[in-house]
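Inside the fold
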Amino acid sequence: MLQSLSIRDIVLIQSLDLDLANGLSVLTGETGAGKSILLDALALALGARGDGGLVRKGCEKGEVRAVFEVPKPEPEGLKSLLADQGIEHEGELLLRRTQNADGRTKATVNDLPVSVASLRALGTQLVEIHGQHDDRALVDPEAHRALLTVFGGLEGKAADVADAFAKMRAEERKLKALQAEIAKAEEERDYLTASVEELSQLAPELGEEEALASRRSTMMAAEKIASELQAANEELTGSAGPTPIIAHVIRRLERKAETMPDFLPAVIEALDAALRHLDDASTHLDGALRETEFSPQELESAEERLFALRAAARKYSVAVENLPDLTVRMADDLSQLNAGTERLEAFELGAAEARSRYDALAASLAEQRGHAAAALADAVMAELPDLKLGEARFLVRTEIEPESRSAEGTDSAEFWVQTNPGTNPGPMMKVASGGELSRFLLALKVALADRGSAPTLVFDEIDTGVGGAVADAIGARLGRLADKVQVLSVTHAPQVAARANEHLLISKSGSAAGEFGGTRVRVMDSDERREEIARMLSGASITPEARAAADRLLAS
């Protein structure tokens, strides 16, 4: 409930601090005293559009503060909004709105800065302001459907429908993604098939390019040195080479060694050592020649393989070392494409099952909303005779469109009225006049009671244009509403004012020369209240008869 309202420098209000009680509080006063200013200030605190013209003349800024007691249990919508904004509370919320004369505004909740949009969303959870031309809850069919849900106690079923809708959409997204994937793959089927066949025949191996390039370099180098090695070997071992010559010399010296034993053995030994070294060199040359031996076909084959690998790498725009991975990946893509039909069937089945579950839940919710619509229409109709709308009809027009799926369901609802027999019914906002609309609204709010209502309801001159028994019926219904929620009513009807738990008088302070004449509000005691109701009954001149009538109203 709204506990207090503080206003500084807004239009005619210089400084106002107002404490509000539970139940029904009425605000009365002469025309022009500032009742509309008070509601404009409250609306500003609740996130209404700011205007520099609201700032009192001569001031740089104005401010409105509204303190609310958080209802228990805390409504889910309010809890979610506070959590999203990171706002903590200990049972109270302070909404503050500062309006600068240059048009800029600042909003805070419990001294935490918030956007005006967030303040407005929070304000709608705390207060509803209704008047003759208010259309917030009446003109939007989406709001009508939500009211039916709350009236019928169907919040849990509505949550199940929303959950089923989210899961259905998730399954449909998965199906569409797979369909797009298969369609794209189908466009590439021929390319994938040819590519997989080509790469499979090529059969690239990891590290193959490096090994081939190294072997090719070795063979090309060996081709150049082999002839040099062969020539060197021939010069060492050929008939004109040193090996046969030294061997021949050793044989000749060995025959003479017996005749010259003092120095020939040393010569022969040195020549033997030289011959052994020449034999070792010849052996190494033979080994080198064997190492350089290769088939020209092997070199040609290595070059062809290397060129084939590099050509494939250029064709598929990858490095040669990535060709094996590309082969596996393309084969997998082709395999998945071939298996796509089975996957598609499974995804189609999943989407169909999710849709079937949603349709069943939505149909059940629509049926129960239909029952709630009939019950709400009966409840509103029961209120109309006392409000002098006995010839009128209130209807809740529902329609089910199974293909119009949404998180809220497949049905729609709209409040219609028929104001006189023989006339065509139509949407309430279009058919009902101002006075009729206010009474339809009141009947609707009474029928809904504390279901689908904010914890604080404000009615701005809802009794305009009616009097007598109708005004008394309006007062009675406001009183019944006040048993469930906090009700504030700006009224000109003494029958309404007499039923209040608290009566506040709005007046203008006197203005002498150079003195500001502002708006003030005060809670009246019983005597003052009697005089105010008598004034409302008789006008400027209060008669004994008016006071007696006021006493009867207060007593009743």
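For clarity, every value in this text was computed on a predicted model and none was experimentally measured.

**A few points about the overall build of the chain**
- Within the chain, the secondary structure is distributed over 17 helices and 15 strands.
- Across its three principal axes, the chain shows a C-alpha extent of roughly 180 × 60 × 35 Å.
- Buried residues in the chain amount to 42% of all 556 residues.
- Summarising the internal contacts of the chain: among those between residues at least 6 apart in sequence, 69% fall at separations of at least 24.
- Accessible area for the chain stands at about 29,000 Å²; split by element, carbon and sulfur atoms hold 51% of it.
- Looking at charge distribution, the chain has the averaged site of its 62 positive side-chain charges lying 8 Å from that of its 92 negative ones.

**Focus on the packing of helix α16 (residues 526-538) against helix α17 (residues 544-555)**
- Where α16 meets α17, the axes come as close as 8 Å, and the angle between the chain directions of the two elements is 115°. The interaxial crossing formed by α16 with α17 has right-handed handedness. The segment α16 lies against α17, with Arg529, Arg530, Glu531, Ile533, Ala534, Leu537 and Ser538 engaging Ala546, Arg547, Ala549, Ala550, Asp551, Leu553 and Leu554.
- Each residue belonging to the contact of α16 with α17 can be placed in one class, and the counts come to 8 nonpolar, 1 polar and 5 charged.

**Section: helix α8 (residues 242-256)**
- With 15 residues, α8 extends 21 Å between its outermost C-alpha atoms, agreeing within 8% with the 21 Å of an ideal straight helix rising 1.5 Å per residue.
- Along α8, the residues that are buried comprise Thr243, Ile246, Ala247 and Ile250. For α8, the buried positions fall inside an angular range of 100° around the axis, keeping them on one side. Exposed and oriented more than 90 degrees from the buried face of α8 are Arg255 and Lys256.

**Points about the sheet that holds strand β5 (residues 92-100)**
- Pairing is antiparallel in the open sheet, where 6 strands are placed in the order β2-β1-β4-β5-β6-β7. Sheet topology places β2 (13-19) and β7 (112-114) at the edges, where each strand pairs with a single neighbour. The average undirected angle you get between the axes of adjacent strands in this sheet is 15°.
- Here helix α1 (residues 35-45) sits on the sheet and contacts β1 (2-10), β2, β4 (61-69) and β5; the angle it forms with β1, its principal contact strand, is near 105°.
- The strands that helix α3 (residues 116-126) touches are β4, β5, β6 (105-109) and β7; relative to β5, the one it contacts most, it runs at about 135°.

**Here's the deal with the packing of helix α13 (residues 434-448) against helix α14 (residues 468-482)**
- In contact at an axis separation of 10 Å, α13 and α14 are set at 30° when each is read in the N-to-C sense. Between α13 and α14, the angle falls in the class roughly parallel. The hand of the α13/α14 crossing is left-handed. Residue-level inspection shows Arg439, Leu442, Lys445 and Val446 of α13 in contact with α14, the latter providing Val470, Ile474, Arg477, Leu478, Arg480 and Leu481.
- Classifying every residue of the contact of α13 with α14 gives 6 nonpolar, no polar and 4 charged.

**Section: the packing of aromatic side chains**
- One pass over the structure, following the stated rule, counts 2 aromatic pairs.
- Across from the ring centre of Phe347, 5.3 Å away, lies the NZ or CZ of Lys174, which sits over that ring.

**Structural notes on the confidence of the model for the chain**
- For the chain, per-residue confidence averages 85 on the pLDDT scale, and 93% of positions sit at 70 or higher.
- Note that residues 511-516 has pLDDT below 50 and, in this model, 9 contacts with residues that lie over four places away or in other chains.

**Let's talk about the sheet that holds strand β11 (residues 426-427)**
- Strand order in the open sheet made by the 3 strands is β9-β10-β11, with antiparallel pairing throughout. The open sheet has two free edges, formed respectively by β9 (393-400) and β11, since each of these has just one partner strand.
- Two strands pair when backbone bridges link them, and β9 and strand β10 (residues 411-418) are joined in this way by 8 bridges, in the antiparallel orientation. Across the sheet, residue Leu395 finds its bridge partner in β10, namely Trp416.
- Running at roughly 170° to β9, helix α11 (residues 323-383) makes contact with β9 and β10 of the sheet.

**Quick look at the pattern of salt bridges**
- With the rule as written, the count across this model stands at 28 salt bridges.
- Residues Glu30 and Arg535 are paired through a salt bridge, measuring 3.3 Å at the closest nitrogen-oxygen approach. Of the two residues, Glu30 is situated in the loop between β3 (24-28) and α1 and Arg535 in helix α16; the sequence distance between them amounts to 505 residues.
- Classification of Arg535 as buried rests on a relative accessible area of 18%.
- Residue Glu172 pairs with Arg355 through a salt bridge whose shortest N-O separation is 3.6 Å. Note that Glu172 is positioned in helix α5 (residues 155-187) and Arg355 in helix α11, a separation of 183 residues in sequence.
- Residue Arg355 is classed as partly exposed on the basis of its relative accessible area, which comes to 27%.

**Examining the nonpolar core**
- If you look at the biggest cluster of nonpolar residues, it comprises 53 residues, and the most contacted ones within it are Leu376, Phe394, Val396 and Phe440.
- It is α13 that provides the largest number of residues to this core, a total of 9 residues.
- Here Phe440 is in contact with Leu384, Leu389, Ala392, Arg393, Phe394, Val417, Thr419, Met428 and Ala432, once residues within four sequence places are set aside.

**Quick notes on a negative patch on the surface**
- Together, Glu187, Glu188, Asp332 and Asp333 line one region of the surface with negative charge.
- Looking at the element boundaries, Glu187 is found in helix α5.
- We classify Glu187 as exposed; its relative accessible area is 69%.

**Here we look at the side chain of Thr419**
- Turning to its location among the elements, Thr419 is positioned in the loop between β10 and β11.
- For Thr419, a relative accessible area of 13% corresponds to the buried category.
- The contact partners of Thr419, leaving out residues within four places of it in the chain, are Glu391, Ala392, Val431, Ala432, Glu436 and Phe440.

Reading the values: the criteria
- Residues numbered from 1 in each chain as written.
- Predicted model: local features only at pLDDT ≥ 70, side-chain atom pairs only at ≥ 80, totals over all residues.
- Heavy atoms only, no water.
- Helix = DSSP H or I, 4+ residues; strand = E, 2+ residues; numbered from the N terminus.
- Buried < 20%, exposed > 50% of the residue type's maximum accessible area, 1.4 Å probe, protein only.
- Contact = heavy atoms within 4.5 Å.
- Areas by Shrake-Rupley, 256 points an atom, 1.4 Å probe, with all protein chains shown as cover.
- Lys, Arg positive; Asp, Glu negative; His and termini not counted.
- Charge placed at Lys NZ, Arg CZ, Asp CG, Glu CD.
- Axes fitted to C-alpha atoms, helices over the stretch in contact; angles between N-to-C directions.
- Left-handed = near helix turned anticlockwise from the far one by under 90°.
- Nonpolar A, V, L, I, M, F, W, Y, C, P; charged D, E, K, R; others polar.
- Expected span 1.5 Å × (residues − 1).
- Arc of directions from axis to C-beta.
- Pairing = 2+ DSSP bridges.
- Parallel < 35°, antiparallel > 145°, perpendicular 65-115°, else oblique.
- Phe/Tyr/Trp six-rings, centres within 6.5 Å; stacked < 30°, edge-to-face > 60°.
- Lys NZ or Arg CZ within 6 Å of the ring centre and 35° of its normal.
- pLDDT = per-residue confidence, 0-100.
- Salt bridge = Lys/Arg side-chain N within 4 Å of Asp/Glu carboxyl O.
- Core = buried A, V, L, I, M, F, W, Y, C linked by side-chain atoms within 4.5 Å.
- Patch = residues over 30% accessible without salt bridge, like charges linked within 9 Å, V, L, I, M, F, W, Y side chains within 5 Å.

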